[in-house]
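Results of the structural survey
As a plain string of letters, each chain reads:
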Amino acid sequence: MNVLLIGSGGREHALAWKIAASPMLTKLYAAPGNPGIAQEAECMALDILDHAAIVAFCRDKKIDLVVVGPEAPLVAGIADDLRAAAFRVFGPSKAAAQLEGSKGFTKDLCARQNIPTGAYRRFTDAESAKAYVRGEGAPIVVKADGLAAGKGVTVAMTVEEALAAIDACFDGAFGGAGAEVVVEAFLDGEEASFFCLCDGKTALPFGTAQDHKRVGDGDTGPNTGGMGAYSPAPVMTPELVERTMKEIVEPTMRGMAEIGAPFSGVLFTGLMITKDGPQLIEFNTRFGDPECQVLMMRLKEDILVLLNAAADGQLAHVSARWRDEPALTVVMAAKGYPGTPQKGSVIRGLDEAAATGAEIFHAGTALRDGELVANGGRVLNVTAMGKTVAEAQANAYAAVDKIGWPEGFCRRDIGWRAVEREAKA
Ligand code: AMP
Ligand code: GLY
């Protein structure tokens, strides 16, 4: 079959790597792709905002399945436009992608379906939001309603911080995404990410992971898109997975079907494991980046079988098998990230790093005069496996240390929570 993969980050490189390994694949295209993805696919300089051009490309190349990596095209309705032209798509409709595109939409669904999540209120003006915050006190969480590239959430430890966050949203710090604000109760516990493949009716559990959102060692400094991840997440015991399916994922699938927006694609459940059990922090409607990279390393199944089943409503008839060993990925970022990263510095030593057995996924690279250069904030995802998280961590950093890129940096403690757990066990 011919497959078109939409996106250009490390998540899409990992997907391309796994799709390319499928015996079902005839030809893989990526739009726009990156130099790492180009090792697995033919990269096309298509504008992914131009849905008509994507549809025309699919007709021309007889594409059998379109796999959409990032959230922005989903929220913009690319899956709807492709399906209207009779193409098969892995990814939710615009209506179903509201689970990621509007935090207020998701909180209202939780309220209707009795899904455990922090108490909340939605606001369209600063004064009422501030009055609510003053009444509730801190800690409290202020969220821009719409997509804000991971930057729209303030976990405020004081009332003053929360009031400032409300002003920032309504003053346009996040553009249209902040025109509405959700204020919600602070949840205390350990975070975990849980993934399901969905086909509108069935949700198939598809692994767990833990991400590291802060830029600095010891979970310090500003939030990022994620500086590293590992899978599985030890905190997600089989009992917690079962509770999450029953209490959060299945009611969500029912609730979405009830409003005529059945969910298909990846449902990425961001959880806080509190003393009362799993609580929903947020949904995303696509794979996590870099969580996808560690999931793809561990997946034993032919991914195209699963993506096809999701696209065709056949997930009830398939299963996913995983390697038991943990996988861990370290994000190498360009200095300056998550602020303005320096672009254009030369990266060397990838072959030496790969020779250690690690997979090096490209997140933000470009080719310039035959040399690989940094072309974004998060640039490389150095990914390895091991018998334990500690061993996977040692393997990943051994590969990191082969990479010659003085203008880059990474956290040196990815996986610390799990490594500590292993040391105690
Ligand atoms: P989000 O963009 O919704 O994933 O939020 C970013 C981060 O903010 C999450 O990964 C959590 O660390 C934190 N966060 C979000 N909502 C809450 C909450 N209600 N209580 C505590 N922390 C939260
Ligand atoms: N790594 C977090 C995310 O993809 O949203």
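Our subject in this report is the structure included herewith. Since this is a predicted model, take the numbers as computed values, not measurements.

1. Overview of the overall build of the protein chain
A tally of helices and strands in the protein chain yields 14 helices and 22 strands. Against the compact-globule benchmark of 22 Å for 425 residues, the protein chain has a radius of gyration of 21 Å, which places it among compact chains. If you line up the protein chain on its principal axes, its C-alpha atoms span 60 × 45 × 45 Å. When the 425 residues of the protein chain are sorted by exposure, 58% land in the buried category. When the accessible surface of the protein chain is split by element, carbon and sulfur atoms take 51% of a total near 16700 Å². Between the averaged position of the 42 positive side-chain charges in the protein chain and that of its 54 negative side-chain charges there is a distance of 1 Å.

2. Examining the site of ligand 2
By nearness alone, every residue bordering ligand 2 is listed as Asp211, Gly225, Phe268, Asn284, Arg286, Gly288, Asp289, Pro290 and Glu291. Aspartate 289 places a main-chain nitrogen or oxygen 2.9 Å from an oxygen atom of ligand 2. Computed on the free molecule, ligand 2 has an accessible area of 200 Å², of which 88% lies beneath the protein chains in the complex. Along the lines of polarity and charge, the residues of the shell around ligand 2 split into 2 nonpolar, 3 polar and 4 charged.

3. Considering unusual backbone geometry
Look at the link from serine 231 to proline 232: it is a cis peptide, with omega at 0°. The topology assignment puts proline 232 in the loop between β14 (228-231) and α9 (238-258). Of note, the bond from tyrosine 337 into proline 338 is cis; its omega dihedral lies within 30 degrees of zero at 5°. Residues other than glycine seldom take positive phi values, yet asparagine 114 does so here, at roughly 60°. As for its placement among the helices and strands, asparagine 114 is situated in the loop between α6 (103-113) and β6 (120-123). Even without a glycine there, the phi angle at aspartate 369 is positive, about 50°. Looking at aspartate 369, the relative accessible area reads 76%, which means it is exposed.

4. Considerations on the environment of leucine 306
Here leucine 306 lies in helix α11 (residues 303-312). Spatially, the C-alpha atoms of leucine 306 and arginine 348 are 36 Å apart, while their sequence positions differ by 42 residues. In this structure, leucine 306 is in contact with Leu197, Leu204, Phe206, Leu299, Glu301, Leu315, Val318, Ser319 and Ala320, ignoring residues within four places of it in sequence.

5. So, the site of ligand 1
By nearness alone, 14 residues border ligand 1, and Glu184, Ala185, Leu187, Glu191 and Glu282 come closest of all. Here a nitrogen atom of ligand 1 and a side-chain polar atom of lysine 143 are 3.0 Å apart. The contact in question runs from an oxygen atom of ligand 1 to an N or O atom on the side chain of glutamate 191, over 2.3 Å. Out of a free accessible area of 470 Å², ligand 1 has 90% covered by protein chains. Among the secondary structure elements, those contributing two or more residues to the shell around ligand 1 are β7 (140-144), β8 (153-156), β9 (181-185) and β16 (277-284).

Basis of the calculations
- Residues numbered from 1 in each chain as written.
- Chains lettered and ligands numbered in written order.
- Predicted model: local features only at pLDDT ≥ 70, side-chain atom pairs only at ≥ 80, totals over all residues.
- Heavy atoms only, no water.
- Helix = DSSP H or I, 4+ residues; strand = E, 2+ residues; numbered from the N terminus.
- Rg over C-alpha atoms; globule rule 2.2 N^0.38 Å.
- Buried < 20%, exposed > 50% of the residue type's maximum accessible area, 1.4 Å probe, protein only.
- Areas by Shrake-Rupley, 256 points an atom, 1.4 Å probe, with all protein chains shown as cover.
- Lys, Arg positive; Asp, Glu negative; His and termini not counted.
- Charge placed at Lys NZ, Arg CZ, Asp CG, Glu CD.
- Near = heavy atom within 4 Å.
- Polar contact = N/O pair within 3.5 Å; in protein donor to acceptor, adjacent residues only side chain to side chain.
- Nonpolar A, V, L, I, M, F, W, Y, C, P; charged D, E, K, R; others polar.
- Contact = heavy atoms within 4.5 Å.

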